[in-house]
Amino acid sequence: MAAGEFEGGKPLNGLLNALAQETFHGHPGITEELLRSQLYPEVLPEEFRPFLAKMRGILKSIASADMDFNQLEAYLTAQTKKQGGITSDQAAVISKFWKSHKTKIRESLMNQSRWNSGLRGLSWRVDGKSQSRHSAQIHMPVAIIELELGKYGQESEFLCLEFDEVKVNQILKTLSEVEESITTLISQPN
Amino acid sequence: MEATSEPLLDAKSEVTNQLVDFQWKLGMAVSSDTCRSLKYPYVAVMLKVADHSGQVKTKCFEMTIPQFQNFYRQFKEIAAVIETV
């Protein structure tokens, strides 16, 4: 079936959105039949299937290579030129879609590839803890930090830590070493 | 006289731990089966924490660079506050 029989515009944009939800953002469950009946009702199911597969393949390729705009234009142009490829109309819709969703899709890909817990949140409080031992009052401030951790697609786990001032400063020193490493890494040419 | 302490943060975990060790590494995710061009640096942290009974557990997590910078900034704030208390 000629690519031109599938219009670009809103239906294609809707299709790309649904594909992105399923492929990158982890929200499957939109069936092929639902997509076809909603977006391309005049197209037969057996013709819709290869079209959907083609669009999915193109979107995956673009995301996998994390294409910048030059690469994107070159890639899409090549797709319009090949047999059974896409129309320039469709290319324009895909291009616009990638430009506006690239960051979000990339973030999802990053989250999916992280198999450890991620840091979802951090809250803290400093308490002035007063203890009296014998007859002396000892003033010992304490920082209480709650880390919210969680693996991709799983519920959060909360970890509560207590630090005195000495400990806080130790951690701070360690964190400055981390930052130094990051600076060194970023300043190196790729 | 009795020891008194402020009530703890209404923490969801309800148990506070002491940090025994903090290990870190800076990694670079290059490529994966779903994305050939990942190219993002991350900070991986391994904490050893001890609860009231002295039992030590290991907790690992990762941060993107912006998340790490926020983490670092918050610790600086904590240090500034704890100094003045």
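Preceding block: the structure.
Remember, it's a predicted structure, so these values are computed and weren't measured experimentally. (Residues numbered from 1 in each chain as written. Chains lettered and ligands numbered in written order. Predicted model: local features only at pLDDT ≥ 70, side-chain atom pairs only at ≥ 80, totals over all residues. Heavy atoms only, no water.)

Visitor: How should the nonpolar core be read in this particular structure?
Guide: Generally speaking, soluble globular proteins have nonpolar side chains that are buried together. With 39 residues, the main nonpolar core has L12, L15, Y40, F48, I62, L76 and I94 of chain A as its most contacted residues. Counting only elements with at least two residues in this core, the list comes to α1 (9–23), α2 (32–39), α3 (45–64), α4 (69–81) and α5 (88–113) of chain A together with β2 (40–50) of chain B. Residue contacts for L12 of chain A: discarding those within four places in its chain leaves E7, Y40, F51, M55, Q90, V93 and I94 of chain A. Of all hydrophobic cores here, the second largest spans 32 residues; its members include V126 of chain A together with M63, F71 and Y72 of chain B. (Core = buried A, V, L, I, M, F, W, Y, C linked by side-chain atoms within 4.5 Å. Buried < 20%, exposed > 50% of the residue type's maximum accessible area, 1.4 Å probe, protein only. Helix = DSSP H or I, 4+ residues; strand = E, 2+ residues; numbered from the N terminus. Contact = heavy atoms within 4.5 Å.)

Visitor: How should empty space enclosed by the protein be read in this particular structure?
Guide: Any empty space left between atoms is shown by rolling a water-sized probe over those atoms. Summed over the entire model, instances satisfying the criterion amount to 2 cavities of 30 Å³ or more. A volume near 60 Å³ is recorded for the largest cavity. In terms of lining, the largest cavity is formed by I145, L147, L161, F163 and I171 of chain A together with L19, F22, L47, F71 and F75 of chain B. For the lining of the largest cavity, the secondary-structure elements that each account for two or more residues are β2 (136–150) and β3 (157–164) of chain A together with β1 (16–29) and α1 (65–84) of chain B. Of the residues in the lining of the largest cavity, the class split is 10 nonpolar, no polar and no charged. (1 Å grid on protein atoms, 1.4 Å probe; cavity = no way out; pocket = protein on both sides within 12 Å on 5 of 7 lines; lining within 4 Å. Points joined across faces, edges and corners; volume = space filled by probe spheres on them. Nonpolar A, V, L, I, M, F, W, Y, C, P; charged D, E, K, R; others polar.)

Visitor: How do you make sense of the pattern of salt bridges when you look at a structure like this?
Guide: Side chains that differ in sign of charge can pair as their charged atoms come close. What the rule picks out here adds up to 10 salt bridges over all chains. When the shortest N-O distance is used, the salt bridge between E177 of chain A and K173 of chain A registers 3.5 Å. Of this pair, E177 of chain A and K173 of chain A both sit in helix α6 (residues 165–187), 4 residues apart, which is roughly one turn of that helix. E177 of chain A gets classed as partly exposed once you look at its relative accessible area, which sits at 35%. The closest approach of N and O atoms between E77 of chain B and R73 of chain B, which form a salt bridge, is 3.0 Å. One end of the pair is E77 of chain B and the other is R73 of chain B, both in helix α1 and 4 residues apart, which spans about a single turn. (Salt bridge = Lys/Arg side-chain N within 4 Å of Asp/Glu carboxyl O.)

Visitor: Could you clarify how one ought to interpret the interface of chain A and chain B in this entry?
Guide: For interface size, the figure often reported is the accessible area lost on association. Contacts between the two partners involve 56 residues from chain A, matched on the other side by 54 residues from chain B. Summed over both partners, the interface of chain A with chain B buries about 5400 Å², with 67% contributed by carbon and sulfur atoms. Counting the contacts that link chain A with chain B gives 1 salt bridge. In this structure, E157 of chain A engages K59 of chain B in a salt bridge whose closest nitrogen and oxygen atoms are separated by 2.4 Å. In this assembly, chain A and chain B are joined by 18 residue pairs in polar contact (both at pLDDT 80 or more). Sorting the residues of the side of chain A that touches chain B by element identifies α3, α5, β1 (117–133), β2, β3 and α6 of chain A as the ones contributing at least two each. The biggest single contributor to the side of chain A that touches chain B is α6 of chain A, with 15 residues. Among the residues forming the side of chain A that touches chain B, the class breakdown is 27 nonpolar, 15 polar and 14 charged. Taken together, the 3 bridges between β3 of chain A and β1 of chain B define a ladder with parallel strand orientation. Directly across from E162 of chain A, in β1 of chain B, lies its bridge partner Q18 of chain B. (Buried area = accessible area lost by both parts, 1.4 Å probe. Polar contact = N/O pair within 3.5 Å; in protein donor to acceptor, adjacent residues only side chain to side chain. Pairing = 2+ DSSP bridges.)

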